[in-house]
Structures are given as C-alpha cells and as structure tokens.
Amino acid sequence: MTVLGVATAADLLRLLVLPGFAWAAYRDIRTRRVASSLWLPLLAIGALALVVEGAGAYPFDGYAGRVFLVRVGFSILFLIPFSVLAYRLAAFGGADMKALVVLAVAFPTTPGYVVPLSILPDVTWLHTVGFPVHPSALGVTAMSALTNAVLFGAGYVALLFVSNVAAGRISSAMFVGRWTAVEDLPDVHGQLIRADGLRPQRGLDLDALRMYLRWRGTTLAAVRADPETHRDPASVGERHPPTDGAVHDGPRTDGGVDDGGFEFPESDATADDAAGDPNADAGVDADAAAGDVDDPWAAERFLDDIEGTAYGTTPDTLREGLDRVAAEEALWVSPGLPFLVPLFGGLVLALTYGDVLTVALGALGLV
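Rules used throughout
- Residues numbered from 1 in each chain as written.
- Predicted model: local features only at pLDDT ≥ 70, side-chain atom pairs only at ≥ 80, totals over all residues.
- Heavy atoms only, no water.
- Helix = DSSP H or I, 4+ residues; strand = E, 2+ residues; numbered from the N terminus.
- Contact = heavy atoms within 4.5 Å.
- Areas by Shrake-Rupley, 256 points an atom, 1.4 Å probe, with all protein chains shown as cover.
- Buried < 20%, exposed > 50% of the residue type's maximum accessible area, 1.4 Å probe, protein only.
- Salt bridge = Lys/Arg side-chain N within 4 Å of Asp/Glu carboxyl O.
- Pairing = 2+ DSSP bridges.
- Axes fitted to C-alpha atoms, helices over the stretch in contact; angles between N-to-C directions.
- pLDDT = per-residue confidence, 0-100.
- Expected span 1.5 Å × (residues − 1).
- Core = buried A, V, L, I, M, F, W, Y, C linked by side-chain atoms within 4.5 Å.
- Parallel < 35°, antiparallel > 145°, perpendicular 65-115°, else oblique.
- Left-handed = near helix turned anticlockwise from the far one by under 90°.
- Nonpolar A, V, L, I, M, F, W, Y, C, P; charged D, E, K, R; others polar.

Focus on the overall build of the protein chain
Inference 1: In terms of helices and strands, the protein chain carries 15 helices and eight strands.
Inference 2: Contacts spanning at least 24 positions in sequence make up 71% of the contacts within the protein chain whose residues lie at least 6 apart.
Inference 3: Only carbon and sulfur atoms are counted for the fraction: they give 63% of the accessible area of the protein chain, which is about 18400 Å².

Here you go:
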C-alpha cells in the first residue's frame, strides 16, 4: 500500500538514508574522514524498512515471497561478506565497508517511487513514470548502487587519463596521478607518486606529511625555504600533537593562519639554536640529539614518537618524500578516489534512472 501516493512505507523509510550518505560523501571529499557514529542510525533505519517490507511479504508463499527472500539473502549474505573482505584486503576503507553494509540492509530489493501531482503538476510526463526507470534484472538496489559506483570510478580514471594527455603530460602515472604544484600539497589528499619507471610507484601519504609538519610545529613553506636546517634532526624543538593528518581538522601546514588563530613559526629552529647548544630550551635532550645524527629529517624519531604508523609510512618513505617536496616545484600525486562519493552518486542513480550496467548489457543484447 502506498503512502501519499508516492511509495510504500518501507520505501519512504529508505529515503531517510540518503541525507546520511550525502553527508558522508561531503566529508569524504573534504577530509577523507567519516565519523563511525553516522552509520548505526542509518543501519537502524535500513533494518526497520526491511522489517516493514518483510512483514508485508510474510509468510513468503508464492513467487513474490520467494523472490523477496532470495534478494534479501543475496544482499545480506553476499554484499556484507564482500565488503568485509574488500576492507581486509585494503581495497575499501572502513567507512566504505560500513556504507556498503548499510546499503545491503536498507536496499536489498528494488523500491518504487512515483512523483505526486502536487509536485510540478504541469510536467505531466513526470507523474506517469515509475522510479527507478530501469531497475536491474537482479532486483537488488544495493548491488545496482555498487556497480553504478564502479562505473563512476572507471569514468574518473578515464577523465584523469584524458586530462593528462590533453595537457601533454605523458607518463606512467597519467592513469592514476594528477600533476600538482608542491605549494598546494597541504590542501590535497592522496599519495606522492614516483613515475621514473615503467610502473608508477606510490610514495609518501600526504596525510602523513601533514602529521609530520604538525608534529614539528612547522610548515611546508618553511621546509622549502630552509631544507638543510629541517633535515638536521637536532633542529627538532618542541613537538606538537600530529593529529591524524586531515586537511581541515588541525593546524594549517601551508604557512597561513588557521581558524583558531594559531600560526606556526616560519622555522622550528633559529640560527642561535643551530649555532649554540641544541639542548637548551629546545625540547631536545642530549641522548636524543646524539642518537639522531643518522636520522635525517628526524624521521625515525617522528614515527617512534607518535601513536600508530602514520598510514604505513616508513622512515625511508618519509625522508624520500620530504626530499622531493623540498626540491621540486610540482609532483605527481595519486588523489585516490573518495569512494563514498561515487557510491552516493551510484545510489541516487539507482533510485532514479536505475542500473546502468543492466541498460548497457541490454543494449548489447546480453540480458
């Protein structure tokens, strides 16, 4: 039974998931961080919608009841283990895994929506169309959202390639990288890429770079202005909380002033510190200074001092990345794909247009 002539109660409940996914996509673009507390309420909404729909299909006799059980079984018993496995293999982030779990529970079947006459009454064709227009042959909207998202991702890679070719940047990194000015790195997510071989090699994670700069209380501009001083481990003065390296969730690392009015000094080592006793009021004890002489950039000291692994960064990776950002004007950066963005787009597309893969395969006569 439809409510307000739009959709069933279960399908209307499912629409409440969309704002949460929109917020997650926004946070994924801005910070690459999504709070875990977002997913539990969305999962509860999805579970409630599934219970409501299941109550309408009970006792699951007849063809429609069996199809409902098959679709729910596929969505939950395939997509949830798939998302967990992808996370374990590092193909998904934690937020990506949780988002797909929510989709599997909230959209195991194909919802149906009709635009009521009260909305744009003069657009008559809109009220004779049921959405999604082209539902998948499988009938599992969660799967349609995933395949749509993968196609969005493939389109992003193609766009990256075309833009690099158009700009004349022919390199082994042109499929996965973006040519980026070093001065822009404090506001960029991704990883540095070394493209001097047949196959691009991933390097320093830019979140780890921001963690390092915040830990030292310095900026990328200061490092580039005086790399030799920063390379000397004895120049490390007072250490600061490294944060988690997010762009907008901590002190700025580009040399500007953050919203809280905090401004890093131009350099974390003065000429007097370098010429005099490096242990005097600089936060460097004699043992640490003596032990750090073979630790350029204080890379080992940084990784030993912080909690965690700074996104898998090794001392050599950190040193190599710092050498590059100190010397180069522009570098290849793998921006990565904030997967919640195409996943949200794929879900919206699945609920309106439908399953793009089904349409494509149908055009080829394969379904």
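Description of the environment of D226
Inference 1: Relative to the helices and strands, D226 resides in the loop between α8 (220-225) and α9 (227-231).
Inference 2: For D226, a relative accessible area of 28% translates into the label partly exposed.
Inference 3: Distance from D226 to A326, taken between C-alpha atoms, is 8.5 Å for residues 100 residues apart in sequence.

Points about the pattern of salt bridges
Inference 1: Scanning all chains against the criterion turns up 15 salt bridges.
Inference 2: For E300, the salt bridge identified is with R319, shortest N-O distance 3.5 Å. In this pair, E300 sits in helix α12 (residues 299-305) while R319 sits in helix α13 (residues 315-327), placing the two residues 19 residues apart along the sequence.
Inference 3: Residue R319 is classed as buried on the basis of its relative accessible area of 12%.
Inference 4: Taken together, the shared-partner salt bridges connect R33, D207, R210 and D244 into one network.

Digging into the sheet that holds strand β7 (residues 201-205)
Inference 1: Overall, antiparallel pairing links the four strands, which are arranged β5-β8-β6-β7 in an open sheet. The open sheet has two edge strands, β5 (178-181) and β7, and neither has a second partner. This sheet shows a mean twist of 50 degrees between the axes of neighbouring strands, independent of strand direction.
Inference 2: Relative to β7, strand β6 (residues 191-194) is paired through three bridges, and the arrangement is antiparallel. Residue pairing in the sheet places Q191 in a bridge with D205 of β7.
Inference 3: Against the sheet, α13 contacts β6, β7 and β8 (330-334), and its axis sits at roughly 80 degrees relative to β6.

Notes on the confidence of the model for the protein chain
Inference 1: Confidence in the prediction of the protein chain, expressed as mean pLDDT, is 88, and 89% of residues score 70 or more.
Inference 2: The low-confidence segment residues 259-292, where pLDDT is below 50, has 43 contacts with residues more than four positions distant or belonging to other chains.

Concerning helix α6 (residues 141-166)
Inference 1: Between its first and last C-alpha atoms α6 spans 37 Å; for 26 residues at 1.5 Å apiece the expected length is 38 Å, and the two agree.
Inference 2: Here α6 has its buried residues at T141, A142, S144, A145, L146, T147, N148, A149, G153, L160 and N164.
Inference 3: Those residues of α6 that are buried are in contact with α4 (62-88), α5 (94-106), β5, β8, α14 (340-352) and α15 (356-363).
Inference 4: Following α6 by one or two positions, G168 adopts a phi angle in the positive range, close to 75 degrees.

Quick notes on the nonpolar core
Soluble globular proteins tend to pack their nonpolar side chains together in the buried interior.
Inference 1: Core analysis: the biggest nonpolar cluster contains 35 residues, and F21, W39, L103, F107, L340, L343 and L347 have the highest contact counts within it.
Inference 2: Among the elements of the structure, α2 (17-30), α3 (39-57), α4, α5, α6 and α14 are those that each provide at least two residues to this core.
Inference 3: Among the elements that make up this core, the one with the highest residue count is α5 (seven residues).
Inference 4: Among residues more than four places away in sequence, those in contact with F107 are R14, V17, S75, V140, T141, A142, L347 and L351.
Inference 5: Residues L192, Y212, L213 and V333 belong to the second largest nonpolar core, which totals 28 residues.

Things to note about the environment of G197
Inference 1: Following the sequence through the fold, G197 ends up in the loop between β6 and β7.
Inference 2: Each C-alpha atom of the pair G197 and A173 lies 9.5 Å from the other, and the pair is 24 residues apart in sequence.

Notes on the packing of α2 against α3
Inference 1: It is the contact of α2 with α3, at a shortest axis distance of 10 Å, that shows an interaxial angle of 155 degrees. It follows from the interaxial angle that α2 and α3 lie roughly antiparallel. Remark: the crossing between α2 and α3 carries left-handed chirality. Mapping the contact onto sequence places V17, G20, F21 and A24 in α2 and W39, L42 and I45 in α3.
Inference 2: Its residues assigned to classes, the contact of α2 with α3 comprises six nonpolar, one polar and no charged.

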